[in-house]
Amino acid sequence: MTVYADRPVRLGRSRMSDGRLLGWAEWGPSDGVPVLLCPGAATSRWLGFGAGVVEALGVRLVSVDRPGLGASTPAPGRTFSDFAGDMRELCVMRGLGRPAVVGNSQGAPFALACAEGGVASALAVVSGADEVAAPEFASVLPVDLRGLVERTARDPGGAEEFFAGFTADAMWGMVMAASPACDLAVYQDPGFGAAYGRALAEGFVQGGAGYARDTVLAMGRWPFALDRIAVPVDIWYGERDTGHSPDNGALLASRVPGADRRVVPGIGGALLWTHAEPVLTSLLEKAAAGA
C-alpha cells in the first residue's frame, strides 16, 4: 500500500529573538541532510511528504508553521522578507545551515523569498502558486481568480479581512472541488486524507488570519527579484494541474536564472506526494553541486 505522508517523528517550537514562537515538525534522521519545507495553504507543520523516501535518502525534512498558523505566534503585517529572516534565524537555532528548500502550493513564493534572500542552498518549487498578479497573466486568469487578484491590489486590507473568514472545511471543499480524479485518488486515500485534514485543522486553530496574510502576500506582486536567485532551482508541475499556475510554470522558469522546469504527465497538484523521490533526488544533487 502506498503511504503518501506519515506522522512527524519530532515536533517542537523555537523561540525567536523577538519572543515569538515558531512551530516545526521533522521527519527522517536527525543527522540527515536538512531540507526545509514551506508547506501549502494553511496545511501547517503536520503534513509532510515522502514517507519512506526521506529515510532512504538520509533527509532531515523540516516543516515550519508560518506565523499565525498552527503553533506559530501571529505576526500581523508580516512580509516575505520577514519570513526569510525567520527562516535564517531558525536555521541557526536548529543547526540546519543553508538547507535545500521545497516550496509547495502557496508555500512557493515564501520558498522563493528564502532563495532570493540567501537562506537556501537549492530550491524545488513543486505545484507552486504562481505570481498571478503578474501582468503577463492578466488576460488568461479565470474570471473568479482575476477578481480576487484585482480586489487584493485595490484593497489589500479588505481582501485580508475577506480571506480571514476561510475555515479548514472551506479549504478542504475548495481543494476537492477543483482537483482532477488523479489527485482525488491521493487526497481521498484514507491515510492521506486523515493527515491532510489534521494539518488543515491545525492550520486554522488560531482562526483564519494567518492564512489570510499568506494569501494576500501570494496574490499580490512579489517584491523580491527572481532574477537575483543564484542557487539551482527545479520547477515541477503536474500536467493536469490547472489551479497553481496559468502556464504550468513556464513564465516562472524563464524569470529564474538557470531554472529547470519539469512537467509530469498523469498527475496534477498532488505531485509532491506522488513524485517525492525524483523531487528530492534532484534537489539533493543540485544542493551538493552548489556546495
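One structure accompanies this document, and this report is about it.

What counts and what doesn't
- Residues numbered from 1 in each chain as written.
- Predicted model: local features only at pLDDT ≥ 70, side-chain atom pairs only at ≥ 80, totals over all residues.
- Heavy atoms only, no water.
- Helix = DSSP H or I, 4+ residues; strand = E, 2+ residues; numbered from the N terminus.
- 1 Å grid on protein atoms, 1.4 Å probe; cavity = no way out; pocket = protein on both sides within 12 Å on 5 of 7 lines; lining within 4 Å.
- Points joined across faces, edges and corners; volume = space filled by probe spheres on them.
- Nonpolar A, V, L, I, M, F, W, Y, C, P; charged D, E, K, R; others polar.
- Buried < 20%, exposed > 50% of the residue type's maximum accessible area, 1.4 Å probe, protein only.
- Pairing = 2+ DSSP bridges.
- Right-handed = clockwise from strand over helix to strand, strands pointing away.
- Phe/Tyr/Trp six-rings, centres within 6.5 Å; stacked < 30°, edge-to-face > 60°.
- Lys NZ or Arg CZ within 6 Å of the ring centre and 35° of its normal.
- Axes fitted to C-alpha atoms, helices over the stretch in contact; angles between N-to-C directions.
- Contact = heavy atoms within 4.5 Å.

Quick look at the environment of Met171 now. If you trace the backbone, Met171 turns up in helix H6 (residues 168–178). Expressed as a C-alpha distance, the spacing of Met171 and Phe204, which sit 33 residues apart in the sequence, is 10.0 Å.

Counted as a void, the largest pocket has a volume near 1,200 Å³. Looking at the largest pocket, it is lined by 43 residues, and the ones nearest its centre are Ser105, Met174, Ala178, Gly243 and His244. Only strand E5 (100–105), helix H4 (143–154), H6, helix H7 (181–187), helix H9 (209–219) and helix H11 (271–274) provide two or more residues apiece to the lining of the largest pocket. Counted by class, the lining of the largest pocket contains 26 nonpolar, 12 polar and 5 charged residues.

A separate point is the pairing of E5. E5 sits mainly inside the fold: 6 of its 6 residues count as buried. As paired strands, strand E3 (residues 33–38) and E5 are joined by 4 bridges and run parallel to one another. Each residue of the ladder has a partner; that of Val35, found in E5, is Ala100. Pairing geometry for E5 and strand E6 (residues 122–128), over 6 bridges, is parallel. Within the sheet, the bridge partner assigned to Val101 lies in E6 and is Leu123. Between the parallel elements E5 and E6, the chain passes through helix H3 (residues 108–116) in a crossover that is right-handed.

Following the criterion strictly, the structure yields 15 aromatic pairs and no others. Here the aromatic residues Tyr4, Trp172, Tyr187, Phe192, Tyr196 and Trp273 are joined through ring pairs into a cluster of three or more. The ring of Phe110 carries Arg66 above its face, with NZ or CZ at 4.6 Å from the centroid. Cation over ring: Arg198 sits above Trp46, and NZ or CZ is 3.6 Å from the ring centre.

Attention shifts here to the sheet that holds strand E7 (residues 233–238). With mixed pairing, 8 strands are arranged side by side in an open sheet as E1-E2-E4-E3-E5-E6-E7-E8. Strand pairing shows two members of the sheet lacking a second neighbour, strand E1 (10–15) and strand E8 (260–264), which therefore form its edges. This sheet shows a mean twist of 20° between the axes of neighbouring strands, independent of strand direction. Contacting E1, strand E2 (21–27), E3 and strand E4 (59–64), helix H2 (residues 80–94) runs over the sheet at an angle of about 60° to E2.

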